[in-house]
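Examination of the molecular architecture
These are the residues of each chain, in order.
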Amino acid sequence: MSEQKPQSQTVQTTGHAWDGDLQEYNNPLPVWWVYTFYATVIFALVYWTIYPSWPIGKGWIGGVSNITYVNSEGETKTHSWNTRALLMADMNKAAVAQKPYFDKIQAMSYEQIANDPDMSGFIISAGRSLFAENCAACHQAGGQGVIGFFPNLTDDDWLYGGSFEKIHETLMDGRRGYMPAFSEVLNGEQIDQLANYVASLSGIGHDAIKARAGDVLFRSETAACFYCHTSEATGRQDMGAPNLTNNIWLWANVPAADTTEGKVAAIRGVIAGGLNKGAMPAWSGRLSPEQIKVLTVYVHELGGGQ
Amino acid sequence: MQTGLEDQLGLYQKRIPILTRSVKGRFRRFKTSVLVLAYAIYFLLPWLPWSRLDAPAQAVLFDLPGRRFLIFGLTVYPQEVIWLALLLFIAAILLFFVTGLVGRAFCGYFCFQTLWTDFFIWIEHKIQGERPARVRLYRQPWDREKLLKVGGTHALWVLASLWTGLTFVFYFAYAPQLLLDFFTGQAAPAAYITVGILTLSTYVAAGLMREQICTYVCPYGRFQSVMYEPETLAVHYDSRRGEAAHGRAAARAGQRTLAERHEKGLGDCVDCGLCEQVCPVGIDIRDGLQYKCISCGLCIDACNTIMDSFSFPRGLIRYDSEKNLALPTPVAPKIQWKRLKTIGYGVALVLMSAYLVYSVATRGDFDRTVNQIRQPLYVMLSNGDIRNRYQIRITNKAAQTQTYEISARGIPAVALDLGNFSEITIKPGHSALVQASVRLPPTVAAQTQRFELVITPQGKPAEANAEYVRFDAPGKRP
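Here's what I pulled together on the structure shown here. Treat the numbers as computed from the prediction; the structure is a model and nothing was measured.

1. Notes on the overall build of chain B
Helix and strand counts for chain B come out as 17 helices and 14 strands. For chain B, contacts bridging at least 24 residues in sequence account for 67% of all contacts bridging at least 6.

2. A closer look at the environment of B:Thr194
All names here are of chain B. On the secondary structure map, Thr194 appears in helix H8 (residues 189-209). According to the C-beta neighbour criterion, Thr194 is partly exposed, with 17 such atoms within 10 Å. With 28 residues separating them in the primary sequence, Thr194 and Leu166 have C-alpha atoms 8.5 Å apart. Among all residues touching Thr194, those that are not within four sequence positions of it are Gly165, Phe168 and Val169.

3. Things to note about the interface of chain B and chain A
Listed as interface residues are 17 residues of chain B and, on the opposing side, 18 residues of chain A. Those elements giving two or more residues to the side of chain B that touches chain A turn out to be strand E7 (379-380), strand E8 (386-396) and strand E12 (431-440) of chain B. Among the elements that take part in the side of chain B that touches chain A, E12(B) stands out by supplying four residues, more than any other. Here the side of chain B that touches chain A is composed, by residue class, of nine nonpolar, six polar and two charged.

4. Observations regarding the sheet that holds strand E3 (residues 74-76) of chain B
All names here are of chain B. Within the open sheet, the three strands sit side by side as E1-E2-E3. Their pairing is antiparallel. Looking at strand neighbours, the two that pair on one side only are strand E1 (60-63) and E3, the edges of this open sheet. For this sheet, the mean inter-axis angle between neighbouring strands, taken without regard to orientation, is 10°.

5. Points about the nonpolar core
Core analysis: the largest hydrophobic core is formed by 48 residues, its most contacted members being A:Leu194, A:Ala195, A:Val198, A:Ile267 and B:Ile392. Examining the composition of this core, we find that seven residues originate from one element, helix H7 (residues 188-201) of chain A, more than from any other. Discounting residues that sit within four places of it in the chain, B:Ile392 has contacts with B:Arg368, B:Val370, B:Ile406, B:Val434, B:Ala436 and B:Leu453. Counting 29 residues, the second-largest nonpolar core is a separate cluster that includes B:Ala105, B:Cys107, B:Cys279 and B:Val281.

6. Points about helix H2 (residues 83-107) of chain A
Between its first and last C-alpha atoms H2(A) spans 35 Å; for 25 residues at 1.5 Å apiece the expected length is 36 Å, and the two agree. Along H2(A), the sharpest kink reaches roughly 45°, centred on A:Lys99 and followed within four residues by the proline A:Pro100.

7. Things to note about the environment of B:Leu35
Residues and elements named next belong to chain B. Tracing the sequence through the fold places Leu35 in helix H1 (residues 26-44). Each C-alpha atom, one on Leu35 and one on Phe110, is 7.8 Å from the other, the two residues being 75 residues apart in sequence. Setting aside chain neighbours within four positions, we find Leu35 in contact with Leu115, Asp118 and Phe119.

8. Thoughts on the packing of H1(B) against helix H4 (residues 112-128) of chain B
All names here are of chain B. At their nearest, the axes of H1 and H4 sit 10 Å apart, and the two run at 105° to each other. The orientation of H1 relative to H4 falls into the category roughly perpendicular. From H1, Lys31, Leu35 and Ala38 reach across to H4, where they touch Leu115, Asp118 and Phe119. Partitioning the contact of H1 with H4 into residue classes produces four nonpolar, no polar and two charged.

9. Considering unusual backbone geometry
Backbone torsion omega between B:Gln375 and B:Pro376 reads -5°, so that peptide bond is classified as cis. With respect to the helices and strands, B:Pro376 occurs in the loop between strand E6 (366-372) and E7. Backbone geometry at A:Asp19 places phi at a positive 50°, although glycine is not the residue there. Mapping A:Asp19 onto the fold places it in the segment before helix H1 (31-50). Judged by local crowding, A:Asp19 falls into the exposed class, with 6 C-beta atoms found within 10 Å. Positive phi is not limited to glycine here, since A:Ala233 has a value of about 65°. Residue placement: A:Ala233 occurs in the loop between helix H9 (226-229) and helix H10 (260-273).

10. A word on the sheet that holds strand E14 (residues 465-470) of chain B
All names here are of chain B. Pairing in this open sheet of four strands is antiparallel, and the strands run E11-E9-E13-E14 from one edge to the other. In this open sheet, the two edge strands, each paired with only one partner strand, are strand E11 (423-426) and E14. Sheet twist, expressed as the mean angle between neighbouring strand axes with direction ignored, is 25°. Examined bridge by bridge, strand E9 (residues 402-409) and E11 share four bridges and lie antiparallel to one another. From the neighbouring strand, Thr403 faces E11, where its bridge partner is Thr425.

What counts and how
- The numbering scheme is per chain: residues are counted from 1 as the chain's sequence reads.
- Here the convention is simple: chains get letters from A, ligands get numbers from 1, in the order in which they are written.
- Restriction of local features to residues with pLDDT of at least 70 applies here, the model being predicted, together with a cutoff of 80 or more for giving and counting side-chain atom pairs; totals for whole chains, interfaces and linings are based on all residues.
- Working definition: helices are DSSP H or I runs of at least four residues, strands are E runs of at least two. Numbering for both runs from the N terminus.
- We call two residues in contact when their backbone-placed C-beta atoms lie within 7 Å.
- Counting other C-beta atoms within 10 Å of each residue's C-beta, where C-beta atoms are placed from the backbone, gives the exposure class: buried for 20 or more, exposed for 12 or fewer, partly exposed between.
- Basically, the charged four are Asp, Glu, Lys and Arg, the nonpolar ten are Ala, Val, Leu, Ile, Met, Phe, Trp, Tyr, Cys and Pro, and anything else, Gly included, counts as polar.
- Two strands form a pair only when DSSP identifies at least two bridges running between them.
- Here, axes are lines fitted to C-alpha atoms. For helices the fit covers the stretch in contact, and angles between N-to-C directions go from 0 to 180 degrees.
- Here, a nonpolar core means buried Ala, Val, Leu, Ile, Met, Phe, Trp, Tyr and Cys residues linked by C-beta atoms lying within 7 Å of one another.
- Multiplying 1.5 Å by the helix residue count minus one yields the expected span of that helix.
- To obtain the bend at a residue, axes are fitted to the seven residues ending there and to the seven starting there, and the angle between these axes is taken.
- Under this scheme an angle from 65 to 115 degrees is roughly perpendicular, one under 35 degrees roughly parallel, and one over 145 degrees roughly antiparallel; angles in between are oblique.

The values reported here are purely geometric and, on their own, carry no functional implication.
The following block contains the structure:
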């Protein structure tokens, strides 16, 4: 480098001249850079062969790589490489691992599952994740529900029945809650009396005179509350009519009201306005039978099952 | 070497082989004893049998797939990782403590690099002979003798490295089975890869790189040197005695006795060069304390041997402290531990070791976690009762199956509902989850702030464990 090089060995220029005499040297690229570049070219060619790459017409070059996985039924599935198959391979790893447990769930009865320590542990973990994904959006994380919207699954008060079979039925077929709007058949005073009577049944503060009148109305043909709620007001599980005597509220937000008037007003609102918004989705078809069975036991074991 | 080409000076210094002479003496004996003891433990321990219920019959087994370490009668679960952390801390503090006292003694006697290098040099010595023979062999061109001897040495080194790597993986699986599987091609890929890596690294580190590991690679050498103090014992050449007024001199005629040498003002060092020849890192300790010196003490033995043959007093090279050597009349070297730093490390060591022993000794046979289910905090039931629910997880850490009984203290007995699980049987190493529900009438609920859940291994009331849990009710602050 310190020697004088003859003219013929000077670095070549690109050959183009700007503005008369402005030229650019054509120095060689660094060797390491050039060979790294060649390596990336080879890498690209290999990659294009193995994985899906160039589109052709309406399709594309699929690549020689395959994804194979075993699903929970024991079938081996092979797909040409795509990200959905990757996802299925991942999901099926879990499904295959869970299959022995789900098989046992199908074979055992509800009581057996609830009383077996191993199965009980599986129900708690699998049930918790199934519940969180499907049920918690409405019934909240622990199943405690929201007053005015979704029932509390952890207490021992059930609209349609809290046995394993009844819970299963609710999950499979869904439920539709309905109460007529009594403002169409009763006047304000009558509704007020009924509200005070219902409040008295749960031990809430009430106007005693109005409650006595409401008592009579409850069992009369005018209001006919006893048709659905029975004359003892304990409710009918075959109709989904709640027990009015236990101070557990789903639709009337009695716990939120601070004063007696507020509580009675909440009850009045339900009687007058009726209820048509209780809709529990039907999960058969959306969840597999084993998953519904897991959820049945899980909900039953949330503490209120019968 | 060519001249006139200054730009030939590169940045790479090719290793000059160090061919050490063997020596006998106190420190050589100590080094060999440590080697034999360490090798005995390392190579024989995986083969020690130990009868177990549900694990292979090996005394020391790090069962990674089973998530447990089996060390004689103790099963260590992942929850006890704090023991491992403590052990590592103790090892570090022990190193700092010992370094403050005797310098790089770990490097010279205990480090596995030193142990394996020493062993490999011994193999080399046995096949190729003493130092003069090895030097001659090194300089000689590649003929049949050299091929056989050098090839044989390296072959034995590879064999030793292979057995070292194999022994390492024997700690992680049942040794007899793994040995069989390994050589019939049935072992797991991880075994082959690990043994491959360890064989290669042992052969390269102990056979080819040797002292370069200590000099260039190992971080211990760097920070160990920083931990020296003027009172630390290190290998020192007593230059005052060895050089005296007119330096060292060979023991020719007229300079053979001490009296003659002192009259002439000559030092006690007879410049035999033996200390350089035995040094495994190839330094001359007479130049003073150097970063390469690993404090192995072989030069001390070498010099003492020569001193004995001349009937001179021993200790021309000895373990001594800088402070002592700087005194006008040095006293006999001894370990000076009455320093704040040393005492501090010692106290820390004692405390941590005591805690580790205590922790291991009092580790219960089962682990439990009790948590209140907080979604929802409480539920009002149809008869007005308030109910709280709790999740109890019990892990059985004993070596046999155990049944546990769960009960409560501080609430009426009828309030606790455990379903079918008031007694639960758990296999060793497994855990189980029990959901307990406690329901109290509203008046009692308002007065109950907390109560105890008690878990008792059946038949062992002394090992019962109680946990306080809250009871929540409407109106109470969460």
